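Examining the three-dimensional arrangement
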Amino acid sequence: GALPAIDGSALTDLPAGGKVLQVVNSRFNTNTTTTSTSYVTTNHSVTITPTEVDSKIYLSLTSGIPAQSTNRYILVTFYKAATQLSTLYETKYGVNADNLAHPYSMDGEDTHGVLTAITYTVYMRSHDGSNIQYSSTSGAVSLTATEVGA
């Protein structure tokens, strides 16, 4: 037979957590390179002002990195202010041929505990001192901060 219509009015006392509260995105297409083997800023950042003190901020980075030469590796990670969030959010990509774009993504999470603006920045480093490129004017890197209720 036919299923009864459901309108959700009987759903009560459900936990409020998990609701997306806001999403902020930053696209970056500035030619950015380094030879540093220590982390340096890419100047690619996103700023979000949490609406709940106990929410979480989820970070997502997606890109297609233009490769400059064979066997060069870039490492990227998230920083909040001058502090690396965690090495768990570090990603690496390598190339095996000249002039190819290599897509990658990285995700992170922050339990912030504040109601003031927070800036998250992507930092990069070379694995061996060779010249590596985070982004270029030919394609954009996307960094998204999503606040999710507790």
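One can find the structure itself at the top, above this paragraph.
Throughout what follows, the structure given in this document is the object of discussion.

What counts, and at which threshold
- The numbering scheme is per chain: residues are counted from 1 as the chain's sequence reads.
- Only residues with pLDDT of at least 70 are given local features in this predicted model, and only at 80 or more are side-chain atom pairs given and counted; all residues enter the totals for whole chains, interfaces and linings.
- Working from all heavy atoms in the structure, the side-chain values ignore hydrogens and water.
- Strands here are runs of E lasting at least two residues and helices are runs of H or I lasting at least four, both read from the DSSP assignment and numbered beginning at the N terminus.
- Any residue under 20% of the maximum accessible area for its type is buried, any over 50% is exposed, and the rest in between are partly exposed; the area is computed with a 1.4 Å probe on protein chains only.
- In this analysis, two residues are considered to be in contact whenever any of their non-hydrogen atoms come within 4.5 Å of each other.
- We call Phe, Tyr and Trp rings a pair once their centres come within 6.5 Å, taking the six-membered ring for Trp, and we label the pair stacked below 30 degrees between planes, edge-to-face above 60, and tilted otherwise.
- Look at NZ for Lys and CZ for Arg. If either is within 6 Å of the ring centre and within 35 degrees of the ring normal, a charge sits over the ring.
- Strand pairing is assigned whenever DSSP detects at least two bridges linking the two strands.
- Pairs of N or O atoms within 3.5 Å make up the polar contacts considered here, provided that, within protein, one atom can donate a hydrogen while the other can accept it, and that residues adjacent in sequence are counted only when both atoms are side-chain atoms.
- Note that His is not counted, nor are the chain ends; the positive residues are Lys and Arg, and the negative ones are Asp and Glu.
- Counted as salt bridges are all cases of a side-chain nitrogen of Lys or Arg within 4 Å of a carboxyl oxygen of Asp or Glu.
- Nonpolar cores were defined as sets of buried Ala, Val, Leu, Ile, Met, Phe, Trp, Tyr and Cys residues, with membership established by side-chain atoms within 4.5 Å.

A few words on the environment of Ser-38. By the secondary structure assignment, Ser-38 is in the loop between β2 (32–34) and β3 (40–48). Accessibility expressed as a relative area gives 47% for Ser-38, which makes it partly exposed. Separated by 91 residues in sequence, Ser-38 and Gly-129 place their C-alpha atoms 9.3 Å apart. For Ser-38, the residues in contact, after removing those within four places along its chain, are Met-124 and Arg-125.

Next up on the list: the packing of aromatic side chains. By the definition in use, this model includes three aromatic pairs. Counting every residue linked through ring pairs, the aromatic cluster contains Tyr-39, Tyr-79 and Tyr-123. Between Arg-125 and the ring centre of Tyr-39, over which it is positioned, the NZ or CZ distance is 5.4 Å.

Most of strand β9 (residues 118–126) sits out of view: seven of its nine residues are buried. Pairing of β3 with β9 involves seven bridges; the strand directions are antiparallel. Residue pairing across strands places Ser-45 opposite Thr-121, the latter belonging to β9.

Mapped onto the fold, Ser-126 is located in strand β9. From its side chain, Ser-126 meets the backbone nitrogen of Asp-128 in a polar contact 3.4 Å long. In terms of polar contacts, Ser-126 uses its side chain to reach the backbone carbonyl oxygen of Ser-130, at 2.9 Å. Once you skip the residues sitting within four places of it in the chain, Ser-126 turns out to touch Thr-35, Ser-36, Thr-37, Tyr-73, Leu-75 and Ile-132.

Here we come to the side chain of Glu-147. Topologically, Glu-147 is positioned in strand β11 (residues 141–148). Among buried charged residues, Glu-147 stands out as having no salt bridge; its nearest opposite-charge side chain is Lys-19, 11 Å away. With sequence-adjacent residues up to four places away left out, Glu-147 is seen in contact with Lys-19, Val-20, Leu-21, Gln-22, Ile-48, Thr-49, Pro-50, Thr-51, Glu-52, Ser-55, Lys-56 and Ile-57.

In this structure, Leu-61, Val-76, Phe-78, Tyr-120, Val-122 and Tyr-134 are the most contacted members of the largest nonpolar core, which totals 20 residues. Of all elements in the fold, only β3, β4 (56–66), β5 (73–80), β8 (101–111), β9, β10 (132–135) and β11 reach the threshold of two or more residues within this core. Among the elements that take part in this core, β9 stands out by supplying four residues, more than any other.

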